[in-house]
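Results of the structural survey
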Amino acid sequence: MDCVIKQTNGTTAVAVATPAGLVTGEQLAKIAELVKQGAGLAKFTTGQRIVILTGADQVQAVRDGLAEVGLSIGPGGKTIRNVKGCAGSLCRYSAQDGLQDALALDKIFAGRSMPATLKIAVSGCPRNCMESQSNDIGFVGTPSGYKVYVGGRGGRKQVLGQLIREGVKPEDLPALVEEIIAKYLSATKGKERISHVVEKQGVEIFK
Ligand code: SF4
């Protein structure tokens, strides 16, 4: 489900999928062009995406323009959202490459339909710039691998994710995310997020 949302000022917000907040100059120039053709404003989101404010009749034109530079409209609603990642190995503090590992996860999981919103964030070291424990699945890099947290969320009732694994190697992250999702899908009832499942059934089912 594309993230296209009517705004109170009559514009339509179109969220551009920019996994881990990474864009090229060419992509940024195209986004700027689409912003100028729309309502003249864009907004950066907490999900490391850029929202273009435009007219409802311009959504297809935005989609086509984004495709010209290898971009697309990001997923919204009950899906796995674009994966958030820190600066990773570009950062002098990194213990793991939170940027490349986030991009790799995004390729596999972003846009997959879920019973509820599912957010994933990857931080490359314990400084935890991505606030990983505030996401449904969060990773924090250490020299021995990633610490893995589940059940975090923001919103009206904020919950911190709980630790389920340590020392997970980057190449094992996709399989572990698949495992967490499978456990979530077999445990959830209706529209529960992972935090609801943890609250009702305990974090042990994810260990
Ligand atoms: S989480 Fe660590 S590695 Fe990532 S940007 Fe922050 S300080 Fe750097």
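Everything quoted here is computed from the prediction, not taken from an experiment. (Residues numbered from 1 in each chain as written. Predicted model: local features only at pLDDT ≥ 70, side-chain atom pairs only at ≥ 80, totals over all residues. Heavy atoms only, no water.)

A few points about the packing of helix α3 (residues 98-109) against helix α4 (residues 173-187)
- Closest axis-to-axis distance for the α3/α4 pair is 10 Å, and the angle between their directions is 50°. With respect to their mutual orientation, α3 and α4 come out oblique. In this structure, the crossing between α3 and α4 has a hand that is right-handed. Residues Asp101, Leu105, Ile108 and Phe109 of α3 touch α4, and the partners they reach there are Leu173, Pro174, Val177, Glu178 and Ile181. (Axes fitted to C-alpha atoms, helices over the stretch in contact; angles between N-to-C directions. Helix = DSSP H or I, 4+ residues; strand = E, 2+ residues; numbered from the N terminus. Parallel < 35°, antiparallel > 145°, perpendicular 65-115°, else oblique. Left-handed = near helix turned anticlockwise from the far one by under 90°. Contact = heavy atoms within 4.5 Å.)

Some details on the sheet that holds strand β5 (residues 84-85)
- Taken in spatial order, the five strands make up an open sheet running β5-β6-β7-β8-β9, and their pairing is mixed. Both outer strands of the open sheet, β5 and β9 (162-168), are each paired with one neighbouring strand and no more. (Pairing = 2+ DSSP bridges.)

Notes on the UniProt feature "domain: Nitrite/sulphite reductase 4Fe-4S" (unreviewed entry) in the protein
- Look at the UniProt record and you will see "domain: Nitrite/sulphite reductase 4Fe-4S" (unreviewed entry) annotated at residues 77-207.
- For residues 77-207, the end-to-end C-alpha separation is 27 Å, with 27% helix and 19% strand making up the annotated structure. (UniProt positions renumbered as here; feature names shortened; annotations may be inferred.)

Quick word on helix α1 (residues 25-37)
- End to end, α1 covers 18 Å across 13 residues, agreeing with the expected 18 Å (1.5 Å per residue, within 8%).
- At its buried positions, α1 is contacted by β2 (12-16), β3 (41-44), β4 (50-54) and α2 (59-68). (Expected span 1.5 Å × (residues − 1).)

Concerning the packing of aromatic side chains
- Per the counting criterion, the structure on display carries one aromatic pair.
- Aromatic pair Phe139 and Tyr146: ring centres 6.0 Å apart, planes at 75°, arrangement edge-to-face. For the pair shown, Phe139 and Tyr146 are each scored as buried.
- Against the face of Tyr93 rests Arg127, its NZ or CZ located 3.5 Å from the ring centre. (Phe/Tyr/Trp six-rings, centres within 6.5 Å; stacked < 30°, edge-to-face > 60°. Buried < 20%, exposed > 50% of the residue type's maximum accessible area, 1.4 Å probe, protein only. Lys NZ or Arg CZ within 6 Å of the ring centre and 35° of its normal.)

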